[in-house]
Amino acid sequence: MSHVGVGPRAVTRSVAFLTAGVLAVPALAGCTSEEPSGKPLAAQDIAAAARARISDGGTLRWAADSVPETLNAFQSDADATTARVAQAVLPSMYRMDETGRPVRNPDYLESAEVVDTEPKQVVVYQLNQQAVWSDGREIGAADFAAQWRALSGKDSAYWTARNAGYDRIEKIERGGDDLEVKVTFSRPYADWKSLFTPLYPKDVMGTPDAFNDGARRELKVTAGPFAVERVETKEDEVVLTGNPRWWGEPAKLEQIVLRAVPREKRVSQLAAGKLDLAEIDPDTAEEVAVAARPRDAGTPLMGPEGGPATGPQGRSAARALRSWAIANGSDEDAAEEETLAREEREEALAKRERRQRALSGFEVRKSLEPAYTQLALNGADGPLADERVRRAVARALDRKKLAKAVLGPLGLPAEPVGSHLALAGQPAYADGSGALGEQDAKEARALLADAGWVPGGPVKKPKKGEKAAGAEGDKDGDGKKSEDGDDDGTYIVGEDEKNRDGDDEKNRDGDDEKNRDGDDEKNQDGDDGTDQESGEKHSSGKNTAQGGAPGAYAPKGTAAPAAAEAPVAKDGKALTLRFVLPSGPGSDALRTVADRVSDMLEKIGVGTDITKVPDESYFKDHIASGEYDLALYSWPASAFPATDARPIYAKPVPAADGSLNVAQNYTRVGTDQVDQLFDRAMGTLDEGEARDLLRKADSRIWAAAGSIPLYQRPQLIAARKNLANAGAFGFETPIYQDMGFLKKGANGPRPSATPSS
């Protein structure tokens, strides 16, 4: 599933719950290696190749989350596919490089600089003299002016999603010639490089009707290496073809087909040869990686020499012998049944091997996505309205362990994110978590006690329909409890999950080769209840001793459950927080993190009531409406946090109708100080001063404990092995004209992506 919203800074910064689309966000410039911003934690992984090694022609079939409702990236229903199309077919003044910094796009822009600051800020753009729209007209000041008027917010007839930055422009005029554009600002604007990316032709921006309806399903005039040929809603695809008027390096590909394919169906589409490039989940990544291994390397299905693992169906020798004995025994009924079972296993094995052969032409390219997952604490009301309780929850978390649970099994750097406003490598990044403090259960319990929540206090038996403090009922009736309904809460040895956090690193990080490589047939089929991403048992996974009931006997070495802290209570109510999660097939990582967070909170006496809700209602009916105490969702990184992060962390204000206007601050936690720091950072043209102000704002956001950044999200891409310059882009804006398939004989070993040093 994907909850990614919009394109390149077109509308309000989009929440990305599980998967994020390609971001087109340029960044601030300049920092040294001594600065706390550091370097990106992981390099991009795109199978980079020189254009001379890439053949001309071919079609790239690229999985997308949707066919966009609109091709206008500045409308509220624009999405990640809208952004991808805009990057390929429209001008961008700046693009982001692999380190998360903006670079001038020479295909459109020869130079851009601030030429005056007093009395007004003036920026002069010098455009590439070859840059033309697909109808032959030069790109010029008229296009800049039309986009400013449409997005300035002064004309309500334009149905725009936001006007950040454009509302600070006073006028736009032609400079010394048609290729020079002079932009004068009414107020200083630090993030001026964020503007006019993408740039639409005046045909789209010139009138409200053209803006609102003219570019939803077609873009007649473009100016990129590709053009929009058609949007096929019935076929669920967008087809891009080479732009014959493109003046830059010609596109290597003849076509790019963006095909809407649900995440859970992508592995089948890859195996069927219907996709060349697709973002995938960890389970699919493991399957693709296994299929891509040399046949003599050994896999769950194949032994070291390329033959069956140990038996005719990849089963143990003992099981194979037993099967043969039954099939050839004197019991005719048993023999017939076993013969049929053997045939079914052989058919399943043949099908699995065919799928592996089909997937062997792909590889997994991985990096870290320019987005981070956070734990959101709803401070609107209830126990979490008290900052001390929020800080206690935050101080209970081992963020390093949570990052390792998600990123460790994938071979990616498992470093917790230290900033709300930037990621490692971006100029504004600095670890501000010290304003909150490190994990300290003792200090967390002290904060709870100071707020009146004490362990072992008297707890009144709740009346019918009454919830513990912090938990709210499922008003819509679409929530599903994470526990089975017949669980009475009794601990049975062998069914506990108390060592999830803990001490068995081998099992947690997926290093138990015996289980992973599938000597057990059940493990081969993935039915053992194990979370493939974290190596944990699901709540449905049972340990069954031979001849006994599930959990009746403790397996050898089973640890006793860790002693939980006595639940804290106040005014006769236990502190239990409602933890809302999406229930879709792509949310395994979030559920793994939620389980571990719950265990950590239990150690300070705080209970959690985990509720799973349908993906489609997760954001709208729970996060945006405030129907949660704890939640996990992600924000994309922005190169312009002063502009883009302000609505996420701004202090909510009362609206005219008495409701609370939260903008995008779904935690409902904010302060006047943070707002002022954002405003000052947005209004200074001194980059060093802006960075300092943003870092101060981040420290205060940490201290308020409404949002706790956890880890940078993994980016896993299945790519055809001969596809070059495409894959896990990391921070970088894709260069569409350089993508293509290697010439015959150009294939060869290449270094895999490694963390940046």
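What comes next is a walk through the structure. (Residues numbered from 1 in each chain as written. Predicted model: local features only at pLDDT ≥ 70, side-chain atom pairs only at ≥ 80, totals over all residues. Heavy atoms only, no water.)

This paragraph deals with the pattern of salt bridges. Pairs can form between side chains of opposite charge whenever their charged atoms are close. Within the structure shown, the criterion is met by 30 salt bridges. Note that Asp 203 is salt-bridged to Arg 137, the shortest N-O span being 3.7 Å. With a gap of 66 residues between them, Asp 203 in helix H3 (residues 202-205) and Arg 137 in the loop between strand S5 (122-127) and helix H2 (141-151) connect regions that are remote in the sequence. A residue is classified by how much of its surface remains accessible, and Asp 203, at 45% relative accessible area, is partly exposed. (Salt bridge = Lys/Arg side-chain N within 4 Å of Asp/Glu carboxyl O. Helix = DSSP H or I, 4+ residues; strand = E, 2+ residues; numbered from the N terminus. Buried < 20%, exposed > 50% of the residue type's maximum accessible area, 1.4 Å probe, protein only.)

Moving on: the nonpolar core. Side chains of a nonpolar character, in soluble globular proteins, are inclined to be buried together. Counting residues in hydrophobic clusters, the biggest one holds 109 residues, and the most contacted among them are Met 93, Tyr 125, Phe 196, Leu 240 and Tyr 649. Of the residues forming this core, the biggest block, seven residues, is contributed by H2. (Core = buried A, V, L, I, M, F, W, Y, C linked by side-chain atoms within 4.5 Å.)

With respect to the element layout, Val 267 can be found in helix H5 (residues 266-271). Separated by 11 residues in sequence, Val 267 and Ala 278 place their C-alpha atoms 8.8 Å apart.

This paragraph deals with helix H20 (residues 687-704). Across its 18 residues, H20 extends 26 Å between first and last C-alpha, which sits within 8% of the 26 Å expected from 1.5 Å per residue. Taken as a whole, H20 has its buried residues at Ala 690, Arg 691, Leu 693, Leu 694, Arg 695, Ala 697, Asp 698, Ile 701, Trp 702 and Ala 704. The inward-facing, buried residues of H20 abut helix H9 (387-395), helix H10 (399-407), helix H17 (641-644), helix H18 (646-649), helix H19 (672-683) and strand S22 (707-720). Two or three places before Gly 688, at the opening of H20, Asp 686 has a side-chain oxygen 3.0 Å from that residue's backbone nitrogen. Immediately beyond the C-terminal end of H20, within one or two residues, lies Ala 705, with a positive phi of roughly 55°. (Expected span 1.5 Å × (residues − 1). Contact = heavy atoms within 4.5 Å. Polar contact = N/O pair within 3.5 Å; in protein donor to acceptor, adjacent residues only side chain to side chain.)

Contact geometry of H10 with helix H15 (residues 588-602) gives a least axis separation of 10 Å together with a crossing angle of 155°. In terms of orientation, H10 lies roughly antiparallel with respect to H15. Considering only the axes of H10 and H15, their crossing is right-handed. Here Lys 401, Leu 402, Ala 405 and Val 406 of H10 lie close against H15, whose contacting residues are Ala 589, Thr 592, Val 593, Arg 596, Val 597 and Met 600. Within the contact of H10 with H15, the residues separate by chemical class into seven nonpolar, one polar and two charged. (Axes fitted to C-alpha atoms, helices over the stretch in contact; angles between N-to-C directions. Parallel < 35°, antiparallel > 145°, perpendicular 65-115°, else oblique. Left-handed = near helix turned anticlockwise from the far one by under 90°. Nonpolar A, V, L, I, M, F, W, Y, C, P; charged D, E, K, R; others polar.)

Now for the sheet that holds strand S16 (residues 573-574). Judged by pairing direction, the sheet is antiparallel, and its three strands sit side by side in the order S13-S15-S16 without closing on themselves. Whereas interior strands pair on both sides, the edge strands pair on one side only; in this sheet they are strand S13 (454-455) and S16. Here strand S15 (residues 568-570) pairs with S16 via two bridges, running antiparallel. If you follow Ala 569 over to S16, its bridge partner there is Ala 574. (Pairing = 2+ DSSP bridges.)

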